[in-house]
Amino acid sequence: GAAGRLLAAAAPLAALALGDCGLSEEGVKLILHGLCSNTTVKSLDLKGNNLRTVGAEALGKLLRQNKSIRSLTLEWNSLGMWEEGFSFFCQGLGANNSLQCLDLRNNQINHQGAAELAAALTQNASLQELDLRWNNIGLLGGRALLNCLHRNKTLKRLELAGNNVPGDILKAIEQALDHNQDRETILSEAQNQVYVLNKEVLSLKNEKNKQFLDFMDTVDKQKEEKAKTERMSAARVGQLQEILDEQHSIMNSLKAKLQMTEAALALSEQKVHILGEQLNAMKQEQASVAECHFRELQQQKQESADQEGKLLHDLSAAREKNLLLRNQVGELERKCKVQQDELFQVKQDLANTTAELKLRAVQAEERLETEKRRFKQSLEDMESLRVKEVDRMTQHNEASERSMQDRIQRLETIRISLEGELSQVKAAALAERGQAEEELIKVRSQTRLEEQQRVKQLEEKLQLMTESRDEAQNCCLKQKEMVAEAQARAKQLSLHADGLRRRLEELQQDLNSKEEEKVTEVNKVKVELQEQIGHLEAERTAQDGLREKIAALERQLKALSSNHREALLDKEGEISLLLEKLRMKEAEISRMREEEAQRASFLQNAIMAYVQGPPLGTHSSRK
């Protein structure tokens, strides 16, 4: 029932957080079974739920069936302890194609689990971020993950801190991840360029096809007009031959023929006019095409100029980042100087405390010597015991002074190492500064508390000594009882000294643990700085690649401009050929006109000769 309610509440949400809820295995299984068919939840958080084999198998089934979850958090679940369940989970991960971010921190994954994860990553093609910090992967697991990255080309981020993986393997993994990122960026840029070039090629093909079709239409029209003119001329020649053969019907048909010739002349003039208009239209189209090409060249030049401006802006941003990093380095150096001053003050405080302790010890010795002189005869045993106690106190003070000097030397060595590391690293040390300040404050407070406790103890001891002296003066007759009391006090002092020694050992252990923490933090800072340096180098390479791309685009623009020029020259040659053809046609039309005029004149002369000549009957009678 609780699982059903949770699923009902998660149905309209995009993220489901169930971390540190203490869910049972059956509840987790029911929730994951319900999420197998869910399509709205994008992020699932199950950290700190102590999942076992049943939970791991349910997670594997979820990864096989669900296609909507993009982020999965499984921190603090100890999945690596259950080999069968974890292998089932890895199989589900290999079959998934939607998950992008997976968090497996603190899951006790060993090298075998890492090998199974590597096998799953070779099949997975969607995971981009994987967090495996604070596990037990080791050398073999690191090598398995490195080998899987040769096949997996989608993983961009892999965290392996706290896994005892050697540095060379970590560097190789970082290089493989950087190679994957560079590959994706290059592929995206190449796809964009191919898309743009395909668009340009299609536009050019369409324009050329349109121009070719227009030219073919004009040629077809001209051929049709030629066929029509040839047919008309053949018909006219046949009519003239029929007119010459039939002289008797010439007079009746001359008027109609003259009208037909005038109409044909009018049509030919109209055709000439139409051809002139077509020539003008062709010239205008040529001018418009030239203007369009010129505009396209200007647009391409503007786009190249915009790209150059963007690249210059990116370069300026990178320079500003470098300046900010230098400023941060300067601030870190100042903070180091402040820490050195604080260490010097701590040394002075320690020296003052040691001097005060020595003075108090000297005063105690003087008092003891006076007491010895007064009670030589009555308290020889007590004086020997007191001398022993004073020796123990001096030894204890000397040991404490030596431990403090050792601490100072260790702090000085730590300070020198920190200065060297800060000079090499020079970045990302803000966290170290805060932690170092807190540790210094803790050390000061601890040293002050220890000094106050020691002073109080010494004062109590002095008070006990004064009380013992008074008791010795008042109770000289009870020497046996005083000896017994002195022995008991000596035992107490020895026990107290042992407790102080134990405290000193505990403090030394604390200091060693703090030193180890500092070393780990410094290593983390080094790793982060190396990552930042790698990112900066990647940005530089990307900038170089962009410059090369700009040069390639400029070359492409030059090639396109040369192609456009060649196309324009070809079109101009075609237009000149068309003009020459039109001139030939005009010459043919003029010849046809002259021939028709000659034929008309011949007909007129024949008609006039026929009209002016004598009739046929008179000529025969005369003969």
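- The name recorded for the chain in an unreviewed UniProt entry is LRC45 protein, from Scytalopus superciliaris.

Looking at the overall build of the chain
Working step 1: Of regular secondary structure, the chain possesses twelve helices and six strands.
Working step 2: Relative to its length of 623 residues, the chain is extended, with a C-alpha radius of gyration of 53 Å against a globular reference of 25 Å.
Working step 3: Dimensions of the chain along its principal axes, counting C-alpha atoms only, are 215 × 60 × 40 Å.
Working step 4: Counting all 623 residues of the chain, 28% fall into the buried class.
Working step 5: Accessible surface, the chain: about 40,900 Å² in total, of which carbon and sulfur atoms supply 53%.
Working step 6: For the chain, the separation between the mean place of its 91 positive charges and that of its 100 negative charges on side chains is 2 Å.

Quick word on the sheet that holds strand E3 (residues 71-73)
Working step 1: Judged by pairing direction, the sheet is parallel, and its six strands sit side by side in the order E1-E2-E3-E4-E5-E6 without closing on themselves. Only two strands of the sheet have a single neighbouring strand rather than two, namely strand E1 (15-17) and strand E6 (157-159). Direction aside, neighbouring strands of the sheet carry axes that sit 0 degrees apart on average.
Working step 2: Sheet analysis places E3 next to strand E4 (residues 101-103), joined by three bridges and oriented parallel. Counted as the bridge partner of threonine 73 is aspartate 103 from E4.

Remarks on the layout of surface pockets
Working step 1: The space that makes up the largest pocket amounts to roughly 1,400 Å³.
Working step 2: Surrounding the largest pocket, 36 residues form its lining, Leu170, Glu174, Val527, Glu528 and Glu531 being those nearest its centre.
Working step 3: Elements with a contribution of two residues or more to the lining of the largest pocket: E6, helix H7 (167-245) and helix H11 (479-612).
Working step 4: Ranked by residues supplied to the lining of the largest pocket, first place goes to H11 with 14 residues.
Working step 5: Grouping the amino acids of the lining of the largest pocket by side-chain chemistry returns eleven nonpolar, twelve polar and 13 charged.

Let's talk about the side chain of asparagine 152
Working step 1: Examined against the element boundaries, asparagine 152 turns out to sit in the loop between helix H6 (138-148) and E6.
Working step 2: For asparagine 152, a relative accessible area of 2% gives the class buried.
Working step 3: Within the structure, the side chain of asparagine 152 is placed 2.9 Å from the backbone oxygen of leucine 121, a separation counted as a polar contact.
Working step 4: If sequence neighbours within four positions are ignored, asparagine 152 has contacts with Leu121, Asn124 and Asn180.

Things to note about the pattern of salt bridges
Working step 1: Scanning the entire structure with this criterion turns up nine salt bridges.
Working step 2: Among the salt bridges present, the one from aspartate 131 reaches arginine 133, with a minimum N-O distance of 2.9 Å.
Working step 3: Between aspartate 544 and arginine 547 there is a salt bridge, and its shortest N-O distance comes to 3.9 Å. Of this pair, aspartate 544 and arginine 547 both sit in helix H11, three residues apart, roughly one helical turn.
Working step 4: Given a relative accessible area of 38%, aspartate 544 falls into the partly exposed group.
Working step 5: It is possible to trace a salt-bridge network through shared partners that takes in Glu75, Asp103, Arg105, Asp131 and Arg133.

What to know about the nonpolar core
As a rule of thumb, soluble globular proteins bury nonpolar side chains together.
Working step 1: Counting residues in each nonpolar core, the largest one holds 50 residues, and the members touching the most others are Leu32, Leu44, Leu74, Leu102, Leu104, Leu130 and Leu132.
Working step 2: Breaking this core down by element, the ones donating at least two residues are helix H2 (25-35), helix H3 (53-65), helix H4 (83-95), helix H5 (111-123), H6 and H7.

Section: empty space enclosed by the protein
Regions of empty space are outlined by a rolling probe, equal in size to a water molecule, passed over the atoms.
Working step 1: Evaluated as defined, the whole model comprises six cavities of 30 Å³ or more.
Working step 2: Taken as a whole, the largest cavity encloses approximately 660 Å³ of empty space.
Working step 3: Around the largest cavity sit 37 residues that line it, and Leu411, Ile414, Glu439, Leu440 and Lys518 are the ones nearest its centre.
Working step 4: Residue composition of the lining of the largest cavity, by class: 18 nonpolar, five polar and 14 charged.

With respect to the packing of H4 against H5
Working step 1: Where H4 meets H5, the closest approach of the two axes is 8 Å, and the angle between their N-to-C directions is 15 degrees. By the angle between their directions, the pair H4 and H5 is classed as roughly parallel. Once H4 is placed against H5, the crossing between them reads as right-handed. On H5, the residues that touch Glu83, Phe86, Ser87, Cys90, Leu93 and Gly94 of H4 are Gln112, Gly113, Glu116, Leu117, Ala120 and Gln123.
Working step 2: The residue inventory of the contact of H4 with H5, partitioned by class, reads five nonpolar, five polar and two charged.

Remarks on the environment of glutamate 296
Working step 1: With respect to the element layout, glutamate 296 can be found in helix H8 (residues 250-374).
Working step 2: Judged by relative accessible area, which is 24%, glutamate 296 ranks as partly exposed.
Working step 3: It is 9.7 Å that separates the C-alpha atoms of glutamate 296 and serine 561, two residues lying 265 residues apart in sequence.
Working step 4: Excluding its chain neighbours within four sequence positions, the residues that come into contact with glutamate 296 are Glu207 and His564.

Here's the deal with the confidence of the model for the chain
Working step 1: Mean pLDDT for the chain: 81, with 92% of residues reaching 70 or above.
Working step 2: Looking over the chain, one finds the lowest element-wise mean pLDDT in helix H12 (residues 616-622), namely 43, and the highest in E4, namely 95.
Working step 3: Low pLDDT, under 50, characterises residues 615-623; the stretch is placed with zero contacts to residues that sit more than four places away or in other chains.

Some details on the packing of H3 against H4
Working step 1: Close contact between H3 and H4 brings their axes to 7 Å; oriented N to C, the two are set at 10 degrees. Considered as vectors, H3 and H4 are oriented roughly parallel to each other. Seen from H3, the contacting residues are Thr53, Ala56, Glu57, Leu59, Gly60, Lys61, Leu63 and Arg64; seen from H4, they are Gly85, Phe86, Phe88, Phe89, Gln91, Gly92, Leu93 and Ala95.
Working step 2: Residues of the contact of H3 with H4, tallied by class, amount to eight nonpolar, five polar and three charged.

Section: a nonpolar patch on the surface
Working step 1: On the surface, Phe212, Leu213 and Met216 cluster together to form a nonpolar patch covering roughly 300 Å² of accessible area.
Working step 2: Residue position: phenylalanine 212 is located in helix H7.

Calculation criteria
Residues numbered from 1 in each chain as written. Predicted model: local features only at pLDDT ≥ 70, side-chain atom pairs only at ≥ 80, totals over all residues. Heavy atoms only, no water. Helix = DSSP H or I, 4+ residues; strand = E, 2+ residues; numbered from the N terminus. Rg over C-alpha atoms; globule rule 2.2 N^0.38 Å. Buried < 20%, exposed > 50% of the residue type's maximum accessible area, 1.4 Å probe, protein only. Areas by Shrake-Rupley, 256 points an atom, 1.4 Å probe, with all protein chains shown as cover. Lys, Arg positive; Asp, Glu negative; His and termini not counted. Charge placed at Lys NZ, Arg CZ, Asp CG, Glu CD. Pairing = 2+ DSSP bridges. Axes fitted to C-alpha atoms, helices over the stretch in contact; angles between N-to-C directions. 1 Å grid on protein atoms, 1.4 Å probe; cavity = no way out; pocket = protein on both sides within 12 Å on 5 of 7 lines; lining within 4 Å. Points joined across faces, edges and corners; volume = space filled by probe spheres on them. Nonpolar A, V, L, I, M, F, W, Y, C, P; charged D, E, K, R; others polar. Polar contact = N/O pair within 3.5 Å; in protein donor to acceptor, adjacent residues only side chain to side chain. Contact = heavy atoms within 4.5 Å. Salt bridge = Lys/Arg side-chain N within 4 Å of Asp/Glu carboxyl O. Core = buried A, V, L, I, M, F, W, Y, C linked by side-chain atoms within 4.5 Å. Parallel < 35°, antiparallel > 145°, perpendicular 65-115°, else oblique. Left-handed = near helix turned anticlockwise from the far one by under 90°. pLDDT = per-residue confidence, 0-100. Patch = residues over 30% accessible without salt bridge, like charges linked within 9 Å, V, L, I, M, F, W, Y side chains within 5 Å.

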